[in-house]
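Below, each chain spelled out in residue letters.
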Amino acid sequence: MQAALFYGAIFSFVLGIGVQTVASLSLSLVVWVLVLGFILALVWRRNTLSTQASFVLLGSVALVALSLGLLRTEIASWQFGNSPLADQVGKEITFSGVVMSEPDYRERTVMLYVENESDRVLVTTDRLEEVSYGDKVLVIGRLDAPANFMTDLGREFNYLGYLKAKGVEYRLSFATVSVEEVGYGNWLIARLLSSKQGFINQMQNVVTEPAAGLGSGLLLGVKSALGQDIEEDFRRTGIIHIVVLSGYNVMLVVSFILLVLSFVLPLRLRVWSGLAAIVSFALLVGLSATVVRASIMAGLVLLAHHLGRRYHVMRALFLAGAVMLLVNPYLLLYDIGFQLSFMATLGLVLAIPYFESTMIASDKKLGLKDFFIATVVTQIAVLPLLLYHIGEVSLVAVVVNLLVLPVVPVSMLLTFMAGTVGFLSTALSEVVGYLATLSLNYILWVAKAFAELPFATLIVTKFSVVTVFFMYVSYVLLWLWKQRLGLKNELVDWEIIEEDALIIKQKPLPNSERSKSKVPVFFR
């Protein structure tokens, strides 16, 4: 029943956000839904022994969560539509504010999110402008209200929604920017970004381009360092996710940090230091939806380990998504990165029992076969969204990911060492930089070779969002059918025992022996 209440609350909350984003229901209706939920709660309280009590409680929780989703989205909408800039659209204005995020450098321009007491505005200016996070700037340019546009593949990109998810209502294009004062940002973020730039500069001294740009993307998510041609190759081959800091990259970084800390700190300090490292890394690379989702889940792993609680990855995924939507409800429908990250992770979660069964049966680490299955599962999970939003799918993605993903951890480690060793020894950093360049160039070569194939991608005609819904429904039905068919056979070799007995049996295991345990990790 606890699981039903948890997932019922999450799904209802998300449904409320989706409905309110699209339909904008009146606040009075939202209040009535909330009141109805509390009425059902009172009915359940008076009849807790009834056979229908559990369904009444579930209905109450669902209605309350639904109303909270509606209300949260309604509150989020209050920041739009009342800007003092509304009367100046189409005119040249002077706008003063603080750069509230790291400048996003493109091939010819740089994009700045400038914020003052009343507005956050997207400013586009020349790439050569010297602007940093926390600078107070004076912007002169033409104020525009953003509009949706059609992509080259015939998809309408919801640019209005994309900017709304970032808290932006207006933009200033081709603006003139001058820095008035510095140091207005958060001191921790400013220090992290300064260290990040120092690391990149040091790494670029020993790693040649374009490998240096790829290294920055792999380790720090600096996708703009790739260049348009390489970025297009990565898109055509389905590996663009490795340079936008997917959960895979974050997992590698967090695992490395915890490995290093395990040699110098006891468990309790390691947990809190790990949490601090996760937060610092998320701030360092930018709080994209993928990074935030992966960071929350990694943090939950550490907390569960510290508290001695079982980590349920599915619940962690849905909890992370709900927390993100609570902070920013517009991520649900307007942030493609959030959608792709969530569905890709969900696909992997559903495939985890296979991986665990494989490792338990053969007592081995993940091999090439497991990389292949993980890649296929991920591609299938995000396929409907890719076809709907982009209209193009890579036919070589599975092969390219299989060739590239095993090399990514090596490239990230070598890139990290090339940037850090340089502060200690120039000669040693050159050696490490040469090795990093070799591994990074291998990834670039694979991407270019497969991107040039005439059948590398498949373009699909536009279809409605209803089709996406039915595609995912078919996934669910197929998964349930497979579960029903395989359940009987899968339980043949399983011994069903009480959870308490299992905990007692596993508790004496020292850390060095946990990796040898035949019990799946989710039941330890």
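Scoring rules and cut-offs
Residues numbered from 1 in each chain as written. Predicted model: local features only at pLDDT ≥ 70, side-chain atom pairs only at ≥ 80, totals over all residues. Heavy atoms only, no water. Buried < 20%, exposed > 50% of the residue type's maximum accessible area, 1.4 Å probe, protein only. Helix = DSSP H or I, 4+ residues; strand = E, 2+ residues; numbered from the N terminus. Arc of directions from axis to C-beta. Patch = residues over 30% accessible without salt bridge, like charges linked within 9 Å, V, L, I, M, F, W, Y side chains within 5 Å. Areas by Shrake-Rupley, 256 points an atom, 1.4 Å probe, with all protein chains shown as cover. Salt bridge = Lys/Arg side-chain N within 4 Å of Asp/Glu carboxyl O. Axes fitted to C-alpha atoms, helices over the stretch in contact; angles between N-to-C directions. Parallel < 35°, antiparallel > 145°, perpendicular 65-115°, else oblique. Contact = heavy atoms within 4.5 Å. Nonpolar A, V, L, I, M, F, W, Y, C, P; charged D, E, K, R; others polar. Core = buried A, V, L, I, M, F, W, Y, C linked by side-chain atoms within 4.5 Å. pLDDT = per-residue confidence, 0-100. Phe/Tyr/Trp six-rings, centres within 6.5 Å; stacked < 30°, edge-to-face > 60°. Lys NZ or Arg CZ within 6 Å of the ring centre and 35° of its normal.

Engineer: Looking at this model, I keep getting lost on helix α15 (residues 397–404). Mind explaining?
Structural biologist: Restricting attention to buried positions, one finds in α15 the residues Ala397, Val400, Asn401 and Val404. Buried residues along α15 cover an arc of 100° about the axis, so they all sit on one side.

Engineer: Any chance you could explain a nonpolar patch on the surface here in plain terms?
Structural biologist: A cluster of nonpolar side chains, Leu27, Leu29, Val31, Trp32, Val35, Leu36, Ile39, Val43, Ile75 and Trp78, forms an exposed patch at the surface whose accessible area comes to about 910 Å². With eight residues, the top contributor of residues to the nonpolar patch is helix α2 (residues 27–46). For Val35, the location among the structural elements is in helix α2.

Engineer: Any chance you could explain the packing of helix α5 (residues 187–204) against helix α16 (residues 408–421) here in plain terms?
Structural biologist: Orientation of α5 relative to α16, taken along the N-to-C sense of each, is 95°, at an axis distance of 7 Å. The orientation of α5 with respect to α16, classified from their angle, is roughly perpendicular. On α16, the residues touching Phe199, Gln202 and Met203 of α5 are Thr415, Phe416, Ala418, Gly419 and Thr420. Class assignment of the residues belonging to the contact of α5 with α16 gives a composition of four nonpolar, four polar and no charged.

Engineer: What am I meant to see in the nonpolar core here?
Structural biologist: The tendency in soluble globular proteins is for nonpolar side chains to be buried as a group. Ranked by size, the top nonpolar core spans 52 residues in total, and within it Val207, Leu214, Leu218, Phe234, Ile242, Val408 and Ile443 carry the most contacts. In contact with Val207, not counting residues within four places along its chain, are Ala212, Ala418, Gly433, Ala436, Thr437 and Leu440.

Engineer: Just checking my understanding: could you explain unusual backbone geometry for this structure?
Structural biologist: The general pattern is negative phi for most residues beyond glycine and trans for most peptide bonds. Here the amide bond leading from Glu209 into Pro210 is cis, since omega sits at 5°, within 30 degrees of zero. Position of Pro210 among the secondary structure elements: in the loop between α5 and α6 (211–220). Even without being glycine, Ser24 reaches a positive phi, approximately 50°. Examined against the element boundaries, Ser24 turns out to sit in the loop between α1 (2–23) and α2. Using a relative accessible area of 52% as the deciding quantity, one classes Ser24 as exposed. For Phe174, which is not a glycine, the phi torsion comes out positive at approximately 50°. Examined against the element boundaries, Phe174 turns out to sit in strand β8 (residues 170–181).

Engineer: Even after reading the chapter, I still don't get the packing of α6 against α16, so can you show me in this structure?
Structural biologist: Axes are the key here: two packed helices are described by the angle between their axes and the distance separating the axes. Contact geometry of α6 with α16 gives a least axis separation of 9 Å together with a crossing angle of 105°. It follows that α6 is roughly perpendicular to α16 by the angle criterion. Residues Gly215, Leu218 and Leu219 of α6 form the contact with α16, whose participating residues are Val408, Ser411, Met412, Thr415 and Phe416. When grouped by side-chain class, the residues that make up the contact of α6 with α16 number five nonpolar, three polar and no charged.

Engineer: Got a minute to help me understand the confidence of the model for the chain in this structure?
Structural biologist: Low-pLDDT portions of the prediction should not be read for the details of their coordinates. Chain-level statistics for the chain give a pLDDT mean of 82 and a share of 87% at 70 or above. Considering only residues more than four positions removed or in separate chains, one finds that residues 356–364, a stretch of pLDDT under 50, has 12 contacts. Predicted confidence for residues 502–509 stays below pLDDT 50, and this span has eight contacts to residues more than four positions away or in other chains.

Engineer: Please explain the packing of aromatic side chains as it appears in this structure.
Structural biologist: One pass over the full model with this rule turns up 16 aromatic pairs. Seen from their ring centres, Phe11 and Phe318 are 5.4 Å apart, and the 70° between their planes marks the pair as edge-to-face. In this pair, Phe11 is assigned in helix α1 and Phe318 in helix α11 (residues 313–327), connecting sequence segments 307 residues apart. Phe318 sits in the buried class, given a relative accessible area of 10%. On the basis of an interplanar angle of 20° and a centroid distance of 6.0 Å, the ring pair of Tyr330 and Tyr334 is categorised as stacked. For Tyr334, a relative accessible area of 18% gives the class buried. Ring pairing ties together the aromatic residues Phe6, Tyr7, Phe11, Phe318, Phe338 and Phe342, which thus form one cluster. Across the ring face of Phe80, the terminal group of Lys164 is positioned such that the distance to the ring centre comes to 5.5 Å. Sitting above the plane of the Phe6 ring, Arg315 keeps its charged end 6.0 Å from the centroid.

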